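# Coordinates in review
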Amino acid sequence: MIWNKRKIIDRVMSILTAACVAIAIIPLLSILYTVTINGISAVNIDFLTQIPKPVGEAGGGLGNAIQGTFIVVGIACLIGLPVGILAGVYLCEYGQNKFGRFVSFVADVLTGTPSIVAGMFGYTFIVLYFGSFSAIAGGVALSVLMIPIVTRTTEESLRLVPGSIKEASLALGIPKWKTTLYIVLGTARSGIITGALLSIARISGETAPLLFTSFGNMFWANGLDKPISTMPVQIYTYAITPFPDWHAKAWAGALVLIILILILNIGVRFVTRRKYGV
Amino acid sequence: MQNKITVENLNAWFGAKQVLHNIDIGIAKNMITAIIGPSGCGKSTFIRCLNRMHEVVPKAKASGKVLVDDTDIYDSDIDPVDIRRRIGMVFQKPNPFPTMSIRDNVVAGLKLSGIKNKKTLDTISEESLKKAALWDEVKNDLNKSGVSLSGGQQQRLCIARALAVEPEIILFDEPCSALDPISTSKIEDLMLELKEKYTIVIVTHNMQQAARVSDYTAFFLYGKLIEFGETDQIFKKPKEKSTEDYIVGRFG
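Thresholds applied
- Residues numbered from 1 in each chain as written.
- Chains lettered and ligands numbered in written order.
- Predicted model: local features only at pLDDT ≥ 70, side-chain atom pairs only at ≥ 80, totals over all residues.
- pLDDT = per-residue confidence, 0-100.
- Helix = DSSP H or I, 4+ residues; strand = E, 2+ residues; numbered from the N terminus.
- Expected span 1.5 Å × (residues − 1).
- Buried ≥ 20, exposed ≤ 12 C-beta atoms within 10 Å, placed from the backbone.
- Contact = placed C-beta atoms within 7 Å.
- Axes fitted to C-alpha atoms, helices over the stretch in contact; angles between N-to-C directions.
- Parallel < 35°, antiparallel > 145°, perpendicular 65-115°, else oblique.
- Left-handed = near helix turned anticlockwise from the far one by under 90°.
- Nonpolar A, V, L, I, M, F, W, Y, C, P; charged D, E, K, R; others polar.
- Pairing = 2+ DSSP bridges.
- Domains from an automatic or database assignment.

### Overview of the confidence of the model for chain A
Here chain A averages 89 in pLDDT, while 97% of its residues score no lower than 70. Within chain A, helix 2 (residues 45–49) of chain A has the poorest average pLDDT of any element, 87, and helix 1 (residues 5–39) of chain A the best, 94.

Written out as structure tokens, the structure is:
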């Protein structure tokens, strides 16, 4: 084997890319490993179904935080998915003008906005207005993070639908609004669902926007206009205490949250499988 | 001979560029009229003007009269959606709806105009696939994806889809240019059967195809209708020099 310059460069670059893969994946595996090792021992049925107990008392769990996360994320979806999807439809179908490009740009900027800004938005407009931390304020704050993601993924998925499909539909005498709603959205369905589920996975783990919107609560949810416990905030609350028992619960909470998001991601894969073998 | 479509002084533009100039032509009922001419001569634009699909393209507009059974389809109180239901279209590249099954592709137009009865839809889907000579090949796979079929089958599926909404006229925009000779001949046979019930206009680059299937042929050049007549006459004794040049292959 002759070692010429080309082969050496080829070999060096291969090793370099492999090394970068390792660098990218090591923190991820390390997090999964640490969270699992520290958290698994505290996860049990009580942990998933009971509310927290006072310091010093054994047992108790994060049941209310799991419940609250579902409620707050649910509210965020009720607001964020319709607004985001319809905004995406607008941008793709009617947004070929200055206003449309401006909205796209704003959506891109919002996607990169620190999430605490969304929390400040919820605090200023909902918490101060109603005078109380609430599940609704948390949902609104999360929907602010969700909308630009859903808008842009919807727009991108719709752009991938070939013009010939739209023409086929129009030529059948299907009105434009039905073409957009049933044919174009239907064709882009899997892309839009992927975007929606990924945005849900993203907001499910957000802590900062919830700190001063939904706040926290040591009991089961008692109304959408009341403070509510959520997993990320509960984990944060436990983690900053000096109690080893609560530290263990924070690890366990992190593990449960990761598993929930993992399930959601697997759900994405499952939903976006091709419906038909081609 | 009775004309199904009468075009009077039709002009069409893309933005500022005029692509059709003062077209006057009559399309005979239950006949096949072929439109031939080199690329960019306005053939496709012309037939897209016949079912108001031209205006779907941004900045495209058309003026003039297109009378279908004495109704001007460009009249201001005519809804283009109704026109497109009466005048079906088959495109150059087969374009079945990718997320729908074969059956749903065929009845898509009906379903979206509110027909929900499963039995009616099944019947129409079967009839349309039979008319499009595809039934025997797909009758056991009606729930498979439309895009799982071969190119030629996909094109016949698109024809079945157009037939399902019961149009009076079918426009074919180079329907065979993406197909092999066997699929092409199937589609040609199909057109000859369909003309019993429908008026057909076909744009084609393939002059043998025009000669094989059409009763009348129109030759377009640079957005103008150069010559129009019976297919035999156009191919055997063209009156215009440029028609003859194109047909014998001196340009285009």
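### Here we look at helix 12 (residues 244–271) of chain A
Residues and elements named next belong to chain A. Along its 28 residues, helix 12 runs 41 Å from first to last C-alpha, staying within 8% of the 40 Å computed at 1.5 Å per residue. Residues Trp246, Lys249, Ala250, Trp251, Ala252, Gly253, Ala254, Leu255, Val256 and Leu257 constitute the buried set of helix 12. Looking at the buried residues of helix 12, the elements they touch are helix 1, helix 2, helix 3 (63–93) and helix 11 (231–239).

### Looking at the packing of helix 5 (residues 115–130) of chain A against helix 6 (residues 135–159) of chain A
The axes of two packed helices give the description: the angle between them and the distance between them. Residues and elements named next belong to chain A. With their axes 8 Å apart at the nearest point, helix 5 and helix 6 run at an angle of 140° to one another. Between helix 5 and helix 6, the crossing angle belongs to the class labelled oblique. Along this stretch, helix 5 crosses helix 6, giving a crossing that reads as right-handed. When helix 5 is examined against helix 6, the residues Ser115, Ala118, Gly119, Phe121, Gly122, Ile126 and Val127 are found in contact with a partner set consisting of Ile136, Ala137, Gly138, Val140, Ala141, Val144 and Leu145. Residue classes in the contact of helix 5 with helix 6 are distributed as ten nonpolar, four polar and no charged.

### Remarks on the sheet that holds strand 7 (residues 169–173) of chain B
Residues and elements named next belong to chain B. Strands sit in the order 6-7-8-3-9-10 across an open sheet of six strands; the sheet is mixed. The outermost strands of the open sheet, each flanked by one partner alone, are strand 6 (87–90) and strand 10 (224–230). Taking the axes of each pair of neighbouring strands and ignoring which way they run, one obtains an average angle of 15° across the sheet. Taken together, the five bridges between strand 7 and strand 8 (residues 199–203) define a ladder with parallel strand orientation. Counted as the bridge partner of Asp173 is Val203 from strand 8.

### Digging into the interface of chain B and chain A
With 24 residues of chain B in contact, the opposing surface of chain A contributes 19 residues. Those elements that place two or more of their residues in the side of chain B that touches chain A are helix 2 (80–86), strand 6 and helix 3 (102–111) of chain B. In terms of residue count, the dominant contributor to the side of chain B that touches chain A is helix 2 of chain B (four residues). Across the side of chain B that touches chain A, the residue classes tally to eleven nonpolar, seven polar and six charged.

### Some points on the domain arrangement of chain A
Residues and elements named next belong to chain A. Domain boundaries in chain A define domain 1 (5–42) and domain 2 (48–271). When each unit is reduced to the centre of its C-alpha atoms, the spacing between domain 1 and domain 2 is 29 Å. Domain 1 puts seven residues into the contact, and the matching count from domain 2 is seven residues. Classifying every residue of the side of domain 1 that touches domain 2 by side-chain character gives three nonpolar, four polar and no charged.

### Re the sheet that holds strand 4 (residues 60–68) of chain B
Note: strands within a sheet are paired through backbone hydrogen bonds, in either parallel or antiparallel orientation. Residues and elements named next belong to chain B. Read across the open sheet, the four strands follow the order 2-1-4-5; overall the sheet is antiparallel. The two strands at the open ends of the sheet, each matched to only one other strand, are strand 2 (17–28) and strand 5 (71–72). Here eight bridges tie strand 1 (residues 3–14) to strand 4, and the two strands are oriented antiparallel to one another. Bridge assignment links Ala12 to a residue of strand 4, and that residue is Ala62.

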